[in-house]
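# Results of the structural survey
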Amino acid sequence: VQLVESGGGLVQAGGSLRLSCAASGLTFRLYYASWYRQAPGQERELVAGISDAGGNTNYGDSVKGRFTISRDNAQNTVYLQMNSLKPEDTAVYYCNVRYVGYNYWGQGTQVTVSS
């Protein structure tokens with residue numbers, strides 16, 4: 001199983017980024033998918049999650065109204081559209097998928113928001 005994140009980078013406050021997570025080696029459409037983030041010295045926190053078919057989503061309070069999670073099961077990919085970025089959004093963003101007793105993480109992608 002492999003999860004490969006991309007799309008991170010440096011952006012000014014107020015800008016946008018779109019993260020992608022491409023999955024392989026599993027039946028992606030069965031898995032609940034999430035994005036987490038971890039800033040230096042802080043615990044990893046949930047950013048957003050999406051159900052296997054994409055019909056249900058949930059968001060962390062700090063990103064509601066600014067971030068949107070989506071998925072394309074035909075492409076085995078989950079996305080995170082991040083708008084109105086703030087310096088406090090700076091973190092390593094991780095893709096996670098889980099199904100029954102299976103739980104997999106990507107390697108992370110750095111997002112840095114400058115003020």
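The paragraphs below set out a description of the structure included in this document. (Residues numbered from 1 in each chain as written. Predicted model: local features only at pLDDT ≥ 70, side-chain atom pairs only at ≥ 80, totals over all residues. Heavy atoms only, no water.)

## Here's the deal with the overall build of the protein chain
Heads up, the condition is: Secondary structure elements are defined from DSSP: runs of H or I of at least 4 residues count as helices, runs of E of at least 2 residues count as strands, and each element is numbered from the N terminus. We compute the radius of gyration from the C-alpha atoms alone; for a globule the expected value is 2.2 Å times N to the 0.38, where N is the number of residues. Burial classes follow relative accessibility: with a 1.4 Å probe on protein chains only, a residue under 20% of its type's maximum area counts as buried, one over 50% as exposed, and anything between as partly exposed. In what follows, residue pairs with any heavy atoms lying within 4.5 Å of each other are defined as contacts.
A count of helices and strands for the protein chain gives zero helices and 11 strands. Counting from the amino terminus, the protein chain carries its helices and strands in the arrangement β-β-β-β-β-β-β-β-β-β-β. Its C-alpha radius of gyration of 13 Å places the protein chain within 12% of the 13 Å reference for a compact globule of 115 residues. On the principal axes, the C-alpha backbone points of the protein chain span a range of 40 × 25 × 20 Å. The buried share among the 115 residues of the protein chain stands at 41%. The contacts in the protein chain between residues at least 6 apart in sequence include a share of 53% that link residues at least 24 apart.

## Quick notes on unusual backbone geometry
The phi angle at Asn 76 is positive, at roughly 55 degrees, despite the residue not being glycine. On the secondary structure map, Asn 76 appears in the loop between strand E7 (67–72) and strand E8 (77–82). Notably, Ser 84 is not glycine yet its phi reads approximately 50 degrees, a positive angle. Residue position: Ser 84 is located in the loop between E8 and strand E9 (91–99). Since its relative accessible area comes to 40%, Ser 84 is described here as partly exposed.

## Side note on the environment of Gly 14
Mapped onto the elements, Gly 14 comes out in the loop between strand E2 (9–12) and strand E3 (17–24). For the pair formed by Gly 14 and Lys 86, sequence separation is 72 residues and the distance between their alpha carbons is 6.4 Å. Setting aside anything within four residues of it in sequence, one finds Gly 14 in contact with Ser 84 and Leu 85.

## With respect to the state of the cysteines
Heads up, the rule is: Disulfide assignment relies on a single distance test, namely cysteine sulfur atoms paired within 2.5 Å.
Counted under the stated rule, the structure contains one disulfide. A disulfide bridge connects Cys 21 with Cys 95, and the sulfur atoms are separated by 2.2 Å. Residues Cys 21 and Cys 95 are joined through a disulfide that is left-handed, its torsion about the S-S bond being -80 degrees. Here Cys 21, found in strand E3, pairs with Cys 95, found in strand E9; they are 74 residues apart in sequence, far enough to count as distant. The pair formed by Cys 21 and Cys 95 is uniform in burial state, with each residue classed as buried.

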